[in-house]
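# Chain and residue survey
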Amino acid sequence: MTEKINKRIKEAAAKKAEQEEKDPYENVPGLGSPEAFLWLMWAFILDMMGVLSAILILVFGVGLAISIAVDILAMGTIGVYMYFKTKHMPTGKRVARAAKRTGLVSAIEAVPVLGDIAFSWTIYLFMEFSKGKA
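Criteria and thresholds
Residues numbered from 1 in each chain as written. Predicted model: local features only at pLDDT ≥ 70, side-chain atom pairs only at ≥ 80, totals over all residues. Heavy atoms only, no water. Helix = DSSP H or I, 4+ residues; strand = E, 2+ residues; numbered from the N terminus. Polar contact = N/O pair within 3.5 Å; in protein donor to acceptor, adjacent residues only side chain to side chain. Contact = heavy atoms within 4.5 Å. Axes fitted to C-alpha atoms, helices over the stretch in contact; angles between N-to-C directions. Parallel < 35°, antiparallel > 145°, perpendicular 65-115°, else oblique. Buried < 20%, exposed > 50% of the residue type's maximum accessible area, 1.4 Å probe, protein only. Left-handed = near helix turned anticlockwise from the far one by under 90°. Nonpolar A, V, L, I, M, F, W, Y, C, P; charged D, E, K, R; others polar. Phe/Tyr/Trp six-rings, centres within 6.5 Å; stacked < 30°, edge-to-face > 60°.

### Some words on the side chain of Thr122
By the element assignment, Thr122 lies in helix α6 (residues 120–130). Polar contacts involving the side chain of Thr122 include one to the main-chain amide nitrogen of Phe44, which spans 3.4 Å. Within the structure, the side chain of Thr122 is placed 2.6 Å from the side chain of Asp47, a separation counted as a polar contact. Discounting residues that sit within four places of it in the chain, Thr122 has contacts with Leu40, Ala43, Phe44 and Asp47.

In structure tokens form, the structure reads like this:
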């Protein structure tokens, strides 16, 4: 009985190790693909909307709501897209690398005017697609 349990534990550990070694970018399209082009254009449009909201903030004192709405829309669409393309949440050492990439973008976007003029969504997707294999 304990042999069966130990065998199942070893199989589960081997399966988990195999999943961690799997390249998360195998389903992410390469930089030259039409899908990457469309997503980069979407990120560029979101970043330009951010620039518009920064101008509204600086000139008229309004636009913060637009800035927050654009950031939520970007995190929702781009974040969900990248999650489903990599097919899993990062584990182990990959958590730190993924947190650096997405955390940096989120930190930049959290500052009202800086996040609006930084074009960080376009840069983030460019970096992710340049690692793509599909």
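Still more ground to cover, so stick around.
### A few points about the packing of helix α3 (residues 64–86) against α6
Between α3 and α6, the least distance of the axes is 12 Å, while the angle of their chain directions is 5°. In this view, α3 runs roughly parallel relative to α6, as classed from their interaxial angle. Where α3 approaches α6, its residues Asp71, Ala74, Met75, Ile78, Tyr81 and Met82 are matched on the opposing element by Trp121, Tyr124, Leu125, Glu128 and Phe129.

### Quick look at unusual backbone geometry
For Phe119, which is not glycine, the phi torsion reads 55° and is therefore positive. The residue Phe119 is located in the loop between α5 (112–117) and α6 in this model. Take Phe119: its relative accessible area is 25%, and that puts it in the partly exposed class.

### Details of the packing of helix α2 (residues 34–60) against α3
It is the contact of α2 with α3, at a shortest axis distance of 8 Å, that shows an interaxial angle of 165°. As far as their axial angle goes, α3 and α2 are roughly antiparallel. Both α2 and α3 take part in a crossing whose hand is left-handed. Every residue of α3 that contacts α2 at Glu35, Trp39, Trp42, Ala43, Leu46, Met49, Gly50, Ser53, Leu56 and Ile57 is listed here: Leu64, Ile66, Ser67, Val70, Leu73, Ala74, Thr77, Ile78, Tyr81 and Lys85. Considered class by class, the residues forming the contact of α2 with α3 number 14 nonpolar, four polar and two charged.

### Brief notes about the packing of aromatic side chains
Scanning the entire structure with this criterion turns up four aromatic pairs. Measuring from ring centre to ring centre gives 4.2 Å for Trp39 and Tyr81, while their planes differ by 25°; the resulting arrangement is stacked. Of this pair, Trp39 sits in helix α2 while Tyr81 sits in helix α3, and the two are 42 residues apart along the sequence. Judged by relative accessible area, Trp39 falls into the partly exposed class, the value being 21%. Three or more aromatic residues link up through ring pairs in this structure, and these residues are Trp39, Tyr81 and Phe129.

By themselves, these are just geometric observations and shouldn't be taken as functional.
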